[in-house]
Amino acid sequence: MNWNQQRTNEAPNPVAGNPNIAKVYLTGVYVRLSVEDGGLGKESESLLHQEQFLMRYLEQHPELILTKIYRDNGETGTKFDRPGFSMMMDDLRHGAINCILVKDLSRFGRNSALTGMYTNITFAKYGVRFIAINDNYDTIDPNSVDNDFAGIKNWFNEFYARDTSRKIRAVNKAKGERGEPLTTNIPY
């Protein structure tokens with residue numbers, strides 16, 4: 001099964017008839033890139049790199065069947081009213097997916113309270129497995145030490161977003177005080 005087949009959601013079922021695999025997960029892959037990270041406009045290389053990284057993981061885990069790729073380009077992780085995220089949650093509620101795969105917790109969200117609510121409450125309510133590869137987070141093993149640190153990682157992800165916002169505001173304030181233009185379009 002190659003990446004292009006999976007990317008177009010035409011992947012064959014590699015676990016059909018395989019008695020060694022106990023459960024199959026209909027997997028939604030979620031990728032996000034904020035404006036600050038270079039998102040928006042044409043499809044970013046970073047989004048493609050995230051997708052390729054996640055596709056390699058899927059190839060190594062045949063129990064995870066790619067159902068759909070959800071993308072949010074140019075969307076902040078501090079809010080959860082993102083188009084791709086909303087579509088993924090609709091599919092989750094309707095049973096189209098029962099597993100969500102992300103590169104890391106920060107790609108899922110940068111609001112520690114809401115990220116924790118989704119990973120600990122909402123996904124458990126719907127019986128959804130959630131995997132954040134780089135953070136070694138997998139809800140299939142609730143006793144994992146890495147899962148215990150997820151709350152701390154979520155807090156740091158939120159802090160990073162707040163810190164970046166403060167720095168951008170400080171740079172813009174300094175530019176304004178020096179009389180430098182803050183935009184390319186002059187407001188009238």
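For the structure, see preceding data.
In this text, all values refer to a predicted model and were calculated from it rather than measured experimentally. Every chain's residues receive numbers from 1 upward, in the order its sequence appears when written. Only residues with pLDDT of 70 or above have their local features reported here, since the model is predicted, and side-chain atom pairs are shown and tallied only from 80 upward, although totals for entire chains, interfaces and linings are computed over all residues. To get the side-chain values, take all heavy atoms of the structure and skip hydrogens and water.

### What about the packing of helix 3 (residues 83-93) against helix 5 (residues 112-126)?
Part 1 of the argument: As a rule, the C-alpha atoms of each element are fitted with a line to give its axis, helices using only the stretch in contact, and angles between N-to-C directions run from 0 to 180 degrees. Here a strand is any run of E in DSSP of at least two residues, a helix any run of H or I of at least four, and the numbering for each starts at the N terminus. Where helix 3 contacts helix 5, the two axes come as close as 10 Å, and the packing angle between them is 35 degrees. Residues Phe 85, Met 89, Leu 92 and Arg 93 of helix 3 pack against Tyr 118, Thr 122, Phe 123 and Tyr 126 of helix 5.
Part 2 of the argument: Residues are sorted three ways: Asp, Glu, Lys and Arg are charged, Ala, Val, Leu, Ile, Met, Phe, Trp, Tyr, Cys and Pro are nonpolar, and all the rest, Gly among them, are polar. Of the residues belonging to the contact of helix 3 with helix 5, the class tally is six nonpolar, one polar and one charged. Whether two residues are in contact is decided by their heavy atoms, any of which lying within 4.5 Å being enough.

### A word on a nonpolar patch on the surface
Part 1 of the argument: Candidate patch residues must exceed 30% relative accessible area and have no salt bridge, after which like charges are joined if within 9 Å and Val, Leu, Ile, Met, Phe, Trp or Tyr side chains if within 5 Å. Every accessible area reported is derived by Shrake-Rupley at a probe size of 1.4 Å, with residue values counting cover from the shown protein chains alone. Put simply, a salt bridge is a Lys or Arg side-chain nitrogen that is within 4 Å of an Asp or Glu carboxyl oxygen. A contiguous nonpolar surface patch, about 240 Å² in accessible area, is contributed by Leu 114, Met 117 and Ile 121.
Part 2 of the argument: For Met 117, the location among the structural elements is in helix 5.

### Some thoughts on the packing of aromatic side chains
Part 1 of the argument: Pairs were defined over the aromatic rings of Phe, Tyr and Trp, the Trp ring being its six-membered one, requiring ring centres within 6.5 Å. Orientation was assigned from the angle between planes: stacked under 30 degrees, edge-to-face over 60, tilted for the rest. Going through the model one piece at a time under the given rule, you end up with twelve aromatic pairs.
Part 2 of the argument: Ring geometry for Phe 80 and Tyr 118: centres 5.2 Å apart, planes at 35 degrees, overall tilted. Residue Phe 80 is located in the loop between strand 2 (64-73) and helix 3, and its partner Tyr 118 is located in helix 5; the two are separated by 38 residues in the primary sequence.
Part 3 of the argument: Throughout, exposure labels follow a simple rule: accessible area from a 1.4 Å probe, protein chains only, divided by the maximum for the residue type, with under 20% read as buried, over 50% as exposed, and the rest as partly exposed. Owing to a relative accessible area of 11%, Phe 80 belongs among the buried residues under this scheme.
Part 4 of the argument: A network of ring pairs unites the aromatic residues Tyr 30, Phe 80, Phe 85, Phe 108, Tyr 118, Phe 123, Phe 130 and Tyr 137 as a single cluster.
Part 5 of the argument: Geometrically, a charge over a ring is one whose NZ (Lys) or CZ (Arg) sits within 6 Å of the ring centre while staying within 35 degrees of the ring normal. Over the face of the ring belonging to Phe 85 we find Arg 82, whose NZ or CZ atom lies 5.0 Å from the ring centre.
Part 6 of the argument: The ring of Tyr 25 has Arg 129 sitting right over it, with the charged end atom 4.9 Å from the ring centre.

### Details of the environment of Gly 77
Part 1 of the argument: Structurally, the position occupied by Gly 77 is in the loop between strand 2 and helix 3.
Part 2 of the argument: When its relative accessible area of 2% is taken as the criterion, Gly 77 is described as buried.
Part 3 of the argument: Ignoring any residue separated from it by four or fewer positions in sequence, one finds Gly 77 in contact with Arg 32, Arg 82, Gly 109, Arg 110 and Asn 111.

### Some details on the environment of Leu 105
Part 1 of the argument: Mapped onto the fold, Leu 105 is located in helix 4 (residues 105-108).
Part 2 of the argument: Leu 105 sits in the buried class, given a relative accessible area of 1%.
Part 3 of the argument: Expressed as a C-alpha distance, the spacing of Leu 105 and Thr 115, which sit ten residues apart in the sequence, is 8.2 Å.

### Things to note about the side chain of Arg 82
Part 1 of the argument: Here Arg 82 shows up in the loop between strand 2 and helix 3.
Part 2 of the argument: Only 2.8 Å separates the side chain of Arg 82 from the side chain of Tyr 30, close enough to count as a polar contact.
Part 3 of the argument: Excluding residues within four positions of it along the chain, Arg 82 makes contact with Tyr 30, Arg 32, Asp 72, Glu 75, Thr 76, Gly 77, Phe 108 and Gly 109. For the purposes of these results, a polar contact is taken to be a pair of N or O atoms within 3.5 Å, where, inside protein, one atom must be able to donate a hydrogen and its partner to accept one; residues adjacent in sequence count only when each atom of the pair is a side-chain atom.

### Describing the nonpolar core
Part 1 of the argument: By size, the foremost hydrophobic cluster in this structure holds 18 residues, and its most contacted members are Phe 85, Met 88, Ile 100, Phe 108, Phe 123 and Phe 130.
Part 2 of the argument: Elements represented by at least two residues in this core include exactly helix 3, strand 3 (99-102), helix 4, helix 5 and strand 4 (129-132).
Part 3 of the argument: Top contributing element to this core by residue count: helix 3, with four residues.
Part 4 of the argument: Excluding its chain neighbours within four sequence positions, the residues that come into contact with Ile 100 are Gly 28, Met 88, Leu 92, Phe 123, Val 128, Arg 129, Phe 130 and Ile 131.
Part 5 of the argument: As used in this record, nonpolar core signifies buried Ala, Val, Leu, Ile, Met, Phe, Trp, Tyr and Cys residues forming a set joined through side-chain atoms within 4.5 Å. Counting 16 residues, the second-largest nonpolar core is a separate cluster that includes Tyr 25, Cys 99, Ile 131 and Ile 133.

### Remarks on the sheet that holds strand 5 (residues 137-138)
Part 1 of the argument: Paired strands are those between which DSSP finds at least two bridges. With mixed pairing, five strands are arranged side by side in an open sheet as 2-1-3-4-5. In this open sheet, the two strands that pair with only one neighbour each are strand 2 and strand 5.
Part 2 of the argument: Where strand 1 (residues 25-33) and strand 3 come together, three bridges link them in parallel fashion. By the bridge assignment, Val 29 is partnered in strand 3 with Leu 101.
Part 3 of the argument: Lying over the sheet, helix 3 contacts strand 1, strand 2 and strand 3, oriented at roughly 150 degrees with respect to strand 2.

Scope: geometric values only; no functional claims are made or implied.
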